[in-house]
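Listed here are the chains, written in short residue letters.
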Protein chains: 2
Amino acid sequence: MAETEQELVDALREAGYRVTLQRRLICRVMAKAPGEHLSASDIVGRVGEAAGALDLSTVYRTLEVFEELGILHHVHLGHGPGIYHLSERSDHHHLMCERCGEVLDVPLDALEASFTDITRTFGFVPDGIHFAILGRHVDCPSSDPGAPTDRE
Amino acid sequence: MAETEQELVDALREAGYRVTLQRRLICRVMAKAPGEHLSASDIVGRVGEAAGALDLSTVYRTLEVFEELGILHHVHLGHGPGIYHLSERSDHHHLMCERCGEVLDVPLDALEASFTDITRTFGFVPDGIHFAILGRHVDCPSSDPGAPTDRE
DNA sequence: CTGATTGCAAAAGATTTGCAACTAT
DNA sequence: ATAGTTGCAAATCTTTTGCAATCAG
């Protein structure tokens, strides 16, 4: 599975895509951001730190290629921009607290029992990773209504 | 619970909001659309059929008032516009087939077991109704890749 | 009368697209 | 050489906002 910058680059080349500086930079950022929730524009920001300019449209086009190859996925945490994950790091669901904005990653099997029921009852196989589940911490750390990261 | 045009109008008035023609028309459309998935612009369309013009911004502002009053909710089925439901008609989750675009309504308790686990394990209470769960029909009716209602 | 509400136009934010210039192969 | 890529600017789409005109109470 593609995890390092080089592996990601190789995956592109093997699929017949050209390896450009921009794509290499995007691979580097994704490989260096284990477990993070990066939007397309976050990626531009991080590449900017490390190198010259990179256009947002190029990032979207490249991420789209990676999604076609199954190497990464995007997820929506709320009303904000989509966030991107390498595939092997997105084998989890996202819970987002509507009060404080924190995102919790939970293992796929946390919902497996219900998903199995849904498949049996409704003939529907959830992928379950594309949208976050919104809710609230039972005991939300942000008891003070200070900086509610309003993503929804 | 507010279900009819008149009940919706009354709820507005009781909460101190003024009852305008536009709001009455929106109430009418919502009351007449049991179980449907209506976007703000669908509402404009339906009102248009029955009366004069109605601005989209007015619809958004009115729907916002109704959400504050807890009378209706909006849900996201995919990348498209949000859809609106009267509250008593949204006590269910939405499953959307990524191939054919059909939306299935499933009872809240279809996910209750898992949600209870999540609360116990992660101290997080899902609301679970704000985003659809994407997936696929086991035996998708749209075997022909004809009109995949591409909402995602 | 007076403040709430409307329509219109413009803004905002995320994502997509057309196209000429550029570059990996 | 040539087809794939890029950057830029403009377009799209949904939702929000400013503001003067209008209307409900």
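Rules and cut-offs
- Positions within a chain are numbered from 1, following the residues in the order the chain's sequence is written.
- Following the order in which they are written, the chains are lettered starting with A and the ligands numbered starting with 1.
- Note on the predicted model: pLDDT of at least 70 is required for a residue's local features to be given, and 80 or more for side-chain atom pairs to be given and counted; whole-chain, interface and lining totals, by contrast, use all residues.
- As a rule here, side-chain values cover all heavy atoms of the structure and leave hydrogens and water aside.
- Nearness is judged by heavy atoms alone; a residue qualifies as near a molecule or strand once a single heavy atom is within 4 Å of it.
- N or O atoms within 3.5 Å of each other form a polar contact, as long as, within protein, one can give a hydrogen and the other can take it, and as long as residues adjacent in sequence are counted only when both atoms are side-chain atoms.
- Numbered from the N terminus, helices here are DSSP runs of H or I no shorter than four residues, and strands are runs of E no shorter than two.
- Only Asp, Glu, Lys and Arg are considered charged in this grouping, and only Ala, Val, Leu, Ile, Met, Phe, Trp, Tyr, Cys and Pro are considered nonpolar; every other residue, Gly among them, is considered polar.
- Contacts were defined at the residue level, with two residues in contact if any of their heavy atoms lie within 4.5 Å.
- Using a 1.4 Å probe, buried area is obtained as the accessible area two parts lose upon being combined, added over both of them.
- At least two bridges found by DSSP between two strands are what make those strands a pair.
- For the exposure calls, accessible area comes from a 1.4 Å probe over protein chains only, and a residue counts as buried if that area is under 20% of its type's maximum, exposed if over 50%, partly exposed in between.

Peer 1: Just to check I follow, could you spell out the protein's contact with DNA strand D for this structure?
Peer 2: By nearness alone, 20 residues border DNA strand D, and Arg18, Gln22, Arg23 and Thr58 of chain A together with Tyr60 of chain B come closest of all. Each atom of DNA strand D within 4 Å of the protein belongs either to a base or to sugar and phosphate, the latter forming 68%. For DNA strand D, a phosphate oxygen lies 2.8 Å from a polar atom in the backbone of arginine 18 of chain A. A distance of 2.8 Å separates a phosphate oxygen of DNA strand D from a polar atom in the side chain of arginine 23 of chain A. Every element with two or more residues in the surface near DNA strand D is listed here: α2 (21–31) and α4 (56–68) of chain A together with α4 (56–68) of chain B. When the residues that make up the surface near DNA strand D are grouped by side-chain class, the tally is seven nonpolar, six polar and seven charged.

Peer 1: Just to check I follow, could you spell out the interface of chain A and chain B for this structure?
Peer 2: Bring the parts together and some accessible area is lost; that lost area is often taken as the interface size. In this assembly, 37 residues from chain A lie in contact with 37 residues from chain B. Buried area between chain A and chain B, both sides added, is near 2700 Å², and the carbon and sulfur share of it is 70%. Counting the surface chain A buries against chain B, the share from its top three residues, Phe122, Phe124 and Phe131 of chain A, is 24%. Between the two partners, chain A and chain B, sit 12 residue pairs in polar contact (both at pLDDT 80 or more). The set of elements that each furnish at least two residues to the side of chain A that touches chain B consists of β3 (92–97), β4 (103–107), α5 (112–122), β5 (124–126) and β6 (133–137) of chain A. Looking at the side of chain A that touches chain B residue by residue, the class counts come to 21 nonpolar, 11 polar and five charged. Note that β6 of chain A and strand β6 (residues 124–126) of chain B share three bridges and pair antiparallel.

Peer 1: What exactly am I supposed to notice about the pairing of strand β5 (residues 103–107) of chain B here?
Peer 2: Two faces make up the sheet, and in a regular strand the side chains alternate between them. Alternating residues of β5 of chain B divide into Leu104 and Val106 of chain B, all buried, and Val103, Asp105 and Pro107 of chain B, none buried. Taken together, strand β4 (residues 92–97) of chain B and the strand that follows it, β5 of chain B, pair antiparallel across an intervening segment of five residues, in which glycine 101 of chain B is found at a positive phi of about 85 degrees.

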